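Residues per chain are reported as follows:
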Amino acid sequence: MALKLGCVAVLNRTQEEIDQNISFSEMRCREKQFFRTQKAFENVPERYLGSDQLVRQLAHIQQDRIRSTLPAIMDELKKQIKTKKIELKNMPPSVTTEIECWTIYNDLVRRYRDTIYARVNGIYDNDLQMKMFDLQGKRSGTTTTTTAIWSQSKDEMANDHIAFQIHKQQKQCGEQFHELFSHFFTREYRKMVLELLEENAGVALPNFPSFTIIERLYRGEQSKFDGPCEKLIESCSEYCKEVLIKLLNQAFANETNYKNKMLPKLTDIVLRALDESEEKCNIDLQKILCMEQRVFTLNHYYMDTVNKIKNEFQKYNENIKTNGGKPTSSSTLFVNDIVVDVNGLSNEHQAAVDVQIAIAAYCRVVEKCLIDHVSQLCYYYFITQCALVLDSKLSSAFTSAMLFEWMQEPFSQQQIRENLKRSIDAMERALAMGQTA
């Protein structure tokens, strides 16, 4: 039989020796005497005989085993210590006093405020770098795929870019205005103007229509301004609610202990502030719309547009006369983004054309003033008076005692933290012993 670790002969105590309670030192003396007197062990080397040799052999074996396994044990200990420390570090900070709660809460609110400031002021550098890095990682080598990914990434990036999104909504409002007031030079509108001029016969000369006609036409158009303006305020309010709640959740994303208790209350504060801003904005909008009921402007754009359209009409008519009554140029004129269809016009229509020019130019002036005013209102109430001062509202919303009640560390988590600390301490002591062995 193969003995991998070798062998050592020892003399065990008999039952009589056990009963007589013979000491181990006496047994060693008897053992030595036994191996010296027994002929069977005459040629056996001394290192294979006796309890002393067995102890020596076992000590050598143990030392060899330790030398072969200790480095691996030390490495494993280091890995375990590193893992435990990372786990401990990733745990939420221990909160044991009201002052600590207040400090942590204010830091979170400050982080939330800084994120809003960055988005409002168009600071997106970090997001752009991250998106570009992702694109480089996803690049497939084809232009089509890269373009598709870039387009998708831009949409994702722009979602919480407050400055860009508000500008985008203002631009959409302007486009709605433009669509609503693009009918002034249609044949149907010209027919309506001619009917009004006929009703006005006897009040003013045919080539000098009464100002009341312009007022009557404007009254019919003025109500169209309400919808896009109210829609702009509503869309700004809904967008701000969406993005500010999203940024709030991001700011508290890592606070797993207490975010579920605090976020609903913080969300309610943000939504109430935005609802108040929307209400104030709508009140001021109604004041502006009431002021715009009066037909009046000092804006040079009005007369500039009127004169330009008339000049284009004059050029068109001269072109017709020069070519024997047949126009050689297009019957559609473009003046200051106003499209004018002159097809089928005659001298009888001239008075109506003058009215059409006046109402089109004036509505365009009101349109430009309104989009500027309402955009400023939205920015003032939703951004300046709400988003940029939310941190002050949040900071004063709760007392330190309320924060401590929500933020103090649960007992179960305290146990996990203490167990991790004890494990790390025990493993570090074992590692120190191994390094000095």
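Residues numbered from 1 in each chain as written. Predicted model: local features only at pLDDT ≥ 70, side-chain atom pairs only at ≥ 80, totals over all residues. Heavy atoms only, no water.

Caption draft 1: Spotlight on the side chain of Gln222. Position of Gln222 relative to the elements: it lies in helix H9 (residues 211–222). By relative accessible area, Gln222 is classed as buried at 13%. Apart from residues no more than four positions distant in its own chain, Gln222 is found in contact with Leu289, Glu292 and Gln293. (Helix = DSSP H or I, 4+ residues; strand = E, 2+ residues; numbered from the N terminus. Buried < 20%, exposed > 50% of the residue type's maximum accessible area, 1.4 Å probe, protein only. Contact = heavy atoms within 4.5 Å.)

Caption draft 2: Spatial organisation of helix H4 (residues 98–120). The first and last C-alpha atoms of H4 sit 33 Å apart over 23 residues, in line with the 33 Å expected at 1.5 Å per residue. One or two residues past the end of H4 sits Gly122, with phi positive at roughly 75°. (Expected span 1.5 Å × (residues − 1).)

Caption draft 3: Structural view of the nonpolar core. Within the largest apolar cluster, 90 residues are counted, with the highest numbers of intra-cluster contacts made by Tyr105, Tyr112, Ile116, Leu244, Phe252, Met262 and Met407. Looking at this core element by element, the count peaks at 21 residues for helix H13 (residues 350–384). Listed in part, the five residues of the second largest apolar core include Met74, Ile81, Met427 and Leu431. (Core = buried A, V, L, I, M, F, W, Y, C linked by side-chain atoms within 4.5 Å.)

Caption draft 4: The packing of aromatic side chains, seen in detail. Applying the stated criterion across every chain yields a total of twelve aromatic pairs. Seen from their ring centres, Tyr380 and Tyr381 are 5.0 Å apart, and the 80° between their planes marks the pair as edge-to-face. Relative accessible area serves as the criterion here: at 39%, Tyr380 is assigned to the partly exposed category. Through pairs of rings, three or more aromatic residues link up here, namely Phe177, Phe181, Phe184, Tyr189 and Phe225. Taking the ring centre of Phe24 as reference, the NZ or CZ of Arg13 above it sits at 5.1 Å. The residue whose ring lies beneath Arg294 is Phe296, and the NZ or CZ to ring-centre distance is 4.2 Å. (Phe/Tyr/Trp six-rings, centres within 6.5 Å; stacked < 30°, edge-to-face > 60°. Lys NZ or Arg CZ within 6 Å of the ring centre and 35° of its normal.)

Caption draft 5: Fine view of the environment of Ala430. Assignment of secondary structure puts Ala430 in helix H16 (residues 411–436). With 353 residues separating them in the primary sequence, Ala430 and Leu77 have C-alpha atoms 8.2 Å apart.

Caption draft 6: The arrangement of the packing of helix H7 (residues 162–180) against H13 in detail. Running from amino to carboxyl end, H7 crosses H13 at an angle of 155°, the nearest separation of the two axes being 10 Å. The orientation of H7 with respect to H13, classified from their angle, is roughly antiparallel. Both H7 and H13 take part in a crossing whose hand is right-handed. Side by side, H7 and H13 meet where Ile162, Ile166, Gln170, Cys173, Gly174, Phe177 and His178 of the first sit next to Arg364, Glu367, Leu370, Ile371, Ser375 and Ile383 of the second. For the contact of H7 with H13, the residue count by class is seven nonpolar, four polar and two charged. (Axes fitted to C-alpha atoms, helices over the stretch in contact; angles between N-to-C directions. Parallel < 35°, antiparallel > 145°, perpendicular 65-115°, else oblique. Left-handed = near helix turned anticlockwise from the far one by under 90°. Nonpolar A, V, L, I, M, F, W, Y, C, P; charged D, E, K, R; others polar.)

Caption draft 7: Local environment of the confidence of the model for the chain. Of the residues in the chain, 85% have a pLDDT of 70 or more, and the chain-wide mean is 83. Predicted confidence for residues 128–135 stays below pLDDT 50, and this span has nine contacts to residues more than four positions away or in other chains. The model gives residues 139–154 a pLDDT under 50, and that stretch makes nine contacts with residues more than four places away or in other chains. (pLDDT = per-residue confidence, 0-100.)

Caption draft 8: Representation of unusual backbone geometry. Positive phi outside glycine occurs at Asn21, with the angle close to 60°. On the accessibility criterion, Asn21 (63% relative accessible area) is exposed.

Caption draft 9: Quick peek at the packing of helix H10 (residues 226–251) against H13. At a minimum axis distance of 10 Å, the contact between H10 and H13 shows a crossing angle of 25°. It follows that H10 is roughly parallel to H13 by the angle criterion. Relative to H13, the crossing made by H10 is right-handed. Taking contact as the criterion, the partners of Cys229, Leu232, Ile233, Cys236, Ser237 and Cys240 in H10 are, on H13, Leu370, Ile371, Val374, Ser375, Cys378, Phe382 and Ile383.

Caption draft 10: Representation of the environment of Arg119. In this structure, Arg119 sits in helix H4. Separated by 124 residues in sequence, Arg119 and Val243 have C-alpha atoms that sit 10.0 Å apart.

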